[in-house]
Structures are given as structure tokens and as C-alpha cells.
Amino acid sequence: MPLPTWFATPCGEVNAAIAADRLAHGLLIHEDPGAGGMQLARWIAQRVNCREPSRAPCGECQDCRWIEVDQHPDVTVLAPEGDSTQITIQSVRDLAADLSLTAHGRGYKIAIIQPAEAMNVFAANALLKTLEEPPKRTLVLLVTSQPSRLLPTLRSRCSRLRLVGPTREAAAAYLEGARGAGPWLEALAATGAGPFTLLNADPTVLSQLRNDTITTLQDIGSGNLQPPAVAERWAKDELSIRLSCLESWVTDRILESSPIRDVTHLSGAALPPKICRLFEFSDAIRDMRKLAHTPINKTMAVEALLWRWARQ
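Every chain is numbered on its own, with residues counted from 1 as its sequence reads. The predicted nature of this model means local features are confined to residues of pLDDT at least 70 and side-chain atom pairs, given and counted, to a pLDDT of 80 or more, with totals for whole chains, interfaces and linings taken over all residues. As a rule here, side-chain values come from all non-hydrogen atoms in the structure, and water together with hydrogens is ignored.

1. Some details on the packing of aromatic side chains
The rule is short: rings of Phe, Tyr and Trp, with Trp giving its six-membered ring, pair when the centres are within 6.5 Å, and they are stacked under 30 degrees, edge-to-face over 60, tilted in between. Applying the stated criterion to the full structure yields 7 aromatic pairs. With 5.5 Å between their ring centres and 75° between their planes, Trp6 and Tyr174 make a pair best called edge-to-face. Of this pair, Trp6 sits in the segment before helix 1 (8-19) while Tyr174 sits in helix 7 (residues 168-179), and the two are 168 residues apart along the sequence. Here Trp6 matches Tyr174 in class, with each residue buried. Put simply, the rings of Trp6, Phe7, Tyr174 and Phe196 touch in pairs and so form one group of aromatic residues. Strands are runs of DSSP state E lasting at least 2 residues, helices are runs of H or I lasting at least 4, and numbering of each runs from the N terminus. Here's how the labels work: a residue is buried when its accessible area is under 20% of the maximum for its type, exposed when over 50%, partly exposed in between, all with a 1.4 Å probe on protein chains only.

2. Comments concerning the pairing of strand 2 (residues 75-78)
Pairing of strand 2 with strand 3 (residues 109-113), which is carried by 4 bridges, proceeds in the parallel orientation. Within strand 3, the position partnered with Val77 by the bridge is Ile112. For the segment spanning strand 2, helix 4 (residues 89-99) and strand 3, crossover handedness is right-handed. If DSSP finds at least two bridges between two strands, the strands pair. With strands facing away from the observer, any crossover in which the path from the first strand over the helix to the second runs clockwise is taken as right-handed.

3. Section: the environment of Glu68
Among the structural elements, Glu68 can be located in helix 3 (residues 62-68). Taking the C-alpha atoms as reference points, Glu68 and Pro2, separated by 66 residues in sequence, lie 14 Å from one another. Apart from residues no more than four positions distant in its own chain, Glu68 is found in contact with Arg42 and Gln46. Working rule for contacts: check all heavy atoms of both residues, and any pair within 4.5 Å makes them a contact.

4. A look at the sheet that holds strand 5 (residues 159-163)
The 5 strands are arranged 2-3-4-1-5 in an open sheet whose pairing can be described as parallel. What marks the edges here is a single partner per strand, and that holds for strand 2 and strand 5. Between one strand axis and the next, the sheet turns by 20° as a mean value, whatever way the strands run. Sheet analysis places strand 3 next to strand 4 (residues 138-144), joined by 5 bridges and oriented parallel. Between N-to-C directions, angles cover 0 to 180 degrees, with each direction set by a line fitted to C-alpha atoms, over the stretch in contact for helices.

5. Details of the nonpolar core
Inside soluble globular proteins, nonpolar side chains tend to come together where they are buried. The definition of a nonpolar core used throughout is a set of buried Ala, Val, Leu, Ile, Met, Phe, Trp, Tyr and Cys residues joined through side-chain atoms within 4.5 Å. Counting residues in each nonpolar core, the largest one holds 28 residues, and the members touching the most others are Leu40, Ile44, Ile110, Ile112, Leu139 and Leu141. The biggest single contributor to this core is helix 2 (residues 37-49), with 7 residues. Among residues more than four places away in sequence, those in contact with Ile110 are Ala45, Val48, Asn49, Asp74, Val75, Thr76, Leu99, Leu139 and Leu141. Of all hydrophobic cores here, the second largest spans 25 residues; its members include Ile214, Trp234, Leu243 and Leu278.

6. Some thoughts on the confidence of the model for the chain
Scored between 0 and 100, pLDDT is the confidence that the predictor attaches to each residue. The share of residues in the chain with pLDDT of 70 or more is 95%, and the mean pLDDT across the chain is 91. Counting interchain partners and residues more than four positions distant, the pLDDT-below-50 stretch residues 262-268 has 3 contacts.

Take a look at the structure:
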């Protein structure tokens with residue numbers, strides 16, 4: 001499948017760097033969530049290791065095919081293992097040792113670390129030595145949507161590639177090409193995420209869940225439904241996605257409110273009351289999303305959130 005259109009700028013920057021023989025040993029891929037940072041990293045690995053340099057990456061040679069399925073002997077993908085949320089110092093030390101070895105092929109030894117912010121401080125410091133004194137023909141690709149969570153010294157030793165996510169319409173078109181027809185616009189609106197987050201999702205299920213969530217919220221807002229009537233069901237039924245639906249819907253309402261275009265530079269006190277209430281509810285949803293994976297009483301928490309909306 002052709003590269004997504006929003007890859008054009010970072011891919012062009014990589015091609016220009018290769019043509020000028022100035023490709024950095026460390027590249028920080030700053031992606032919008034779901035925009036395809038991992039896919040861009042694989043493209044870069046294919047670009048420098050493809051056996052057909054005149055049309056790299058060809059996507060057809062053995063190296064390109066191996067990289068596509070994370071099976072290339074010279075390309076290591078480092079991510080948190082099992083239930084862990086961290087990349088450990090030992091994993092980075094093992095990676096550094098592997099990068100120091102001679103490549104199996106004639107291309108680069110490559111490390112893809114995703115998400116890069118998962119490295120704890122000891123792991124990040126261990127990676128610094130490799131970036132400061134990189135072995136020849138090695139490339140370290142850090143993929144992150146939160147570069148501010150990386151050590152400043154780590155960021156300073158990498159060239160940055162910015163991968164900006166597409167519009168919902170472009171994302172829906174890409175997903176339709178990759179997966180076939182479906183209510184992709186509604187599915188994207190349900191999650192507020194980028195298209196690569198939904199590659200394995202069922203758009204119909206997401207669309208139905210979004211419609212149910214928003215209809216219920218509107219019924220609560222109009223007084224036709226009371227929060228206790230739905231809190232327990234929501235707490236047990238795809239709560240994480242429902243909260244994403246709410247946040248995406250509220251964000252859309254904020255952006256659609258014409259006064260916001262004239263006052264985004266002003267203090268909260270200068271905003272119209274309706275916009276202030278939407279912002280406050282958006283903040284409450286984000287707080288709830290942070291707590292959703294903790295051992296709180298989810299039914300009570302959802303009910304409190306919905307009562308806040310009922311009193312808007």
C-alpha cells in the first residue's frame with residue numbers, strides 16, 4: 001500500500017539527508033498519537049537497508065520484507081516487555097552490545113525504540129553513550145508522542161522528524177483503503193486517535209458505541225435521564241472508549257463554538273460561560289481517564305462525572 005500522504009514531509013527530509021550524506025545516527029520521530037511513528041521508523045530502516053538503492057525502499061526485496069514484519073537480523077525493536085510499562089537498563093545495554101557487532105548484511109544496524117519515553121532514567125542514560133560514540137553504520141530511531149518526557153541530553157543528540165497526524169477525512173480515506181469500507185469517520189471521532197490506532201478495530205462497533213454514548217450524554221443534559229441509571233453500565237462496558245468518545249465530542253463542541261476563535265489568547269475569565277463549562281467538563285473527563293486504570297469505585301466515579309454534566 002502507498003505511504004500515507006502525511007508521511008511526505010518527514011520522508012522527504014530523510015531522503016534529503018541521505019542524498020547529502022548527512023543522515024544522523026540518532027533520529028527522534030515525534031508523532032501525533034496514532035499518526036504512524038512506528039511505520040515511519042520501519043520505512044527509514046527499509047530506506048537504508050533496501051537491496052535496490054535506486055528505488056529504495058522497494059518493499060519487495062528480502063530486507064524490506066523482513067523489516068516490515070520485524071524479522072530483520074540487523075533491525076532490533078525495543079519496547080516494554082510483558083505487563084511492564086518500562087524499558088529497562090539491561091535491555092538497553094543488550095541493545096548497545098548488539099549495535100556494536102558487525103551487520104549481517106551490507107546495510108545498517110538499526111534500533112527502533114518505541115515508545116521512547118518508556119525508558120527509565122537509567123536506561124536513557126545507558127543509551128547516551130551509544131549516541132555519543134555511535135558505531136559506524138548504526139542508526140537509533142526513537143519513536144514518541146511525548147518528547148518532553150525524554151531526557152534533554154537524549155533529545156539534543158538526535159535529529160528530530162515531526163510526523164503530524166492527518167485530518168479525520170484523510171485518516172478515514174486511508175483506513176478505507178487499508179481495511180475496506182466502514183463508518184471510519186465515526187470510529188475516528190469515537191476515539192480521537194490517529195488512524196494507525198484503529199487498523200485492527202471494528203469501525204461499526206466503535207461507531208455504535210459513540211452514538212450510544214453521545215445520545216446518553218444529551219439525554220442527561222436535557223434532564224430526560226439521570227446519571228445513576230447509566231453509571232454502572234458504563235463502568236462495566238468499554239469505559240475507556242466511552243471516555244474517549246466524551247473527550248472527542250466535547251473537544252469538537254469547543255472548536256465549533258465560534259467565539260473561541262476570537263478568545264483563545266485570553267484568560268479563562270474572559271471566555272463565554274458555555275465555553276468555560278465545556279473546558280471544565282473536558283478537564284474532568286481527562287482526570288477520569290487517568291483514574292480509570294486505578295482501583296477506584298468506577299461506578300461512583302462515572303456517576304460523579306455525569307452529574308457534573310447534568311448540572312451544566
